[in-house]
Amino acid sequence: MKKETISFLNYLEGYWIRTREIHWSTDNNAIHKLCDEIMDGLLDYLDKIAESAMGMYDDKIQIGEFLPELPNGKSLMPMLNELTKDTL
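1. Details of the overall build of the protein chain
Then, in step 1: What the protein chain contains, in helices and strands, is 3 helices and 0 strands.
Then, in step 2: Along the protein chain, helices (α) and strands (β) appear in the sequence α-α-α when read from the amino end.
Then, in step 3: With respect to the three principal axes, the spread of C-alpha positions in the protein chain is 45 × 25 × 20 Å.
Then, in step 4: By residue count, 32% of the 88 residues in the protein chain fall in the buried class.
Then, in step 5: The contacts in the protein chain between residues at least 6 apart in sequence include a share of 75% that link residues at least 24 apart.
Then, in step 6: Between the averaged position of the 9 positive side-chain charges in the protein chain and that of its 16 negative side-chain charges there is a distance of 3 Å.

Here is the structure:
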C-alpha cells in the first residue's frame, strides 16, 4: 500500500480516537451528540478511502501497518480545524 495512503488513514483513525475521547469527556450534550455524528462520518470515510485504495492499488493493508496518529487538538473546535488542515 502506498505510504501516503497509510499515513492519511493513520491520521483519520487518530481523529476518530480523539473524537471518541472528547465524546466521553464532555458535559455538554450537544457536543456529545455532535461527536457521535463526527465519529460515524470519520469511520465511513476511513473505510471508503481504505477499501478504494486497496482496490485501486490491488494491495491489502497489512496487519501492523495501520498505526493511528493522534491530533494535537484536545477539544472539538481545535481538533476539527486541525482535521481540516490535514485533510487539505
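Alright, that's what it looks like, and here's the rest.
2. A few points about the nonpolar core
Then, in step 1: Among the nonpolar cores identified, the biggest contains 14 residues, and Leu12, Tyr15, Ile22, Leu42, Leu76, Met79 and Leu83 are the most heavily contacted of them.
Then, in step 2: When contributions to this core are tallied by element, the ones reaching two or more residues are helix 1 (3-25), helix 2 (29-57) and helix 3 (76-87).
Then, in step 3: Sort the elements by how many residues they give to this core and helix 2 lands first, with 6 residues.
Then, in step 4: The residues contacting Met79, other than those within four sequence positions of it, are Tyr15, Arg18, Thr19, Ile22, Pro71 and Gly73.

3. As for unusual backbone geometry
Then, in step 1: The phi dihedral of Asp58 is positive, around 50°, even though this residue is not glycine.
Then, in step 2: Turning to its location among the elements, Asp58 is positioned in the loop between helix 2 and helix 3.

4. Focus on the environment of Lys74
Then, in step 1: Its place among the elements puts Lys74 in the loop between helix 2 and helix 3.
Then, in step 2: Sequence-distant contacts of Lys74, defined by excluding residues within four places in its chain, comprise Arg18 and Ile22.

5. A closer look at the packing of helix 1 against helix 3
Then, in step 1: The contact between helix 1 and helix 3 brings their axes to 11 Å, and the two run at 170°. The angle between the axes of helix 1 and helix 3 places the two elements in the roughly antiparallel class. On the side of helix 1, the interface is formed by Phe8, Tyr11, Leu12, Tyr15, Arg18, Thr19 and Ile22, while helix 3 contributes Leu76, Met79, Glu82, Leu83, Asp86 and Thr87.
Then, in step 2: For the contact of helix 1 with helix 3, the per-class residue count stands at 8 nonpolar, 2 polar and 3 charged.

Conventions we followed
Residues numbered from 1 in each chain as written. Predicted model: local features only at pLDDT ≥ 70, side-chain atom pairs only at ≥ 80, totals over all residues. Heavy atoms only, no water. Helix = DSSP H or I, 4+ residues; strand = E, 2+ residues; numbered from the N terminus. Buried < 20%, exposed > 50% of the residue type's maximum accessible area, 1.4 Å probe, protein only. Contact = heavy atoms within 4.5 Å. Lys, Arg positive; Asp, Glu negative; His and termini not counted. Charge placed at Lys NZ, Arg CZ, Asp CG, Glu CD. Core = buried A, V, L, I, M, F, W, Y, C linked by side-chain atoms within 4.5 Å. Axes fitted to C-alpha atoms, helices over the stretch in contact; angles between N-to-C directions. Parallel < 35°, antiparallel > 145°, perpendicular 65-115°, else oblique. Nonpolar A, V, L, I, M, F, W, Y, C, P; charged D, E, K, R; others polar.

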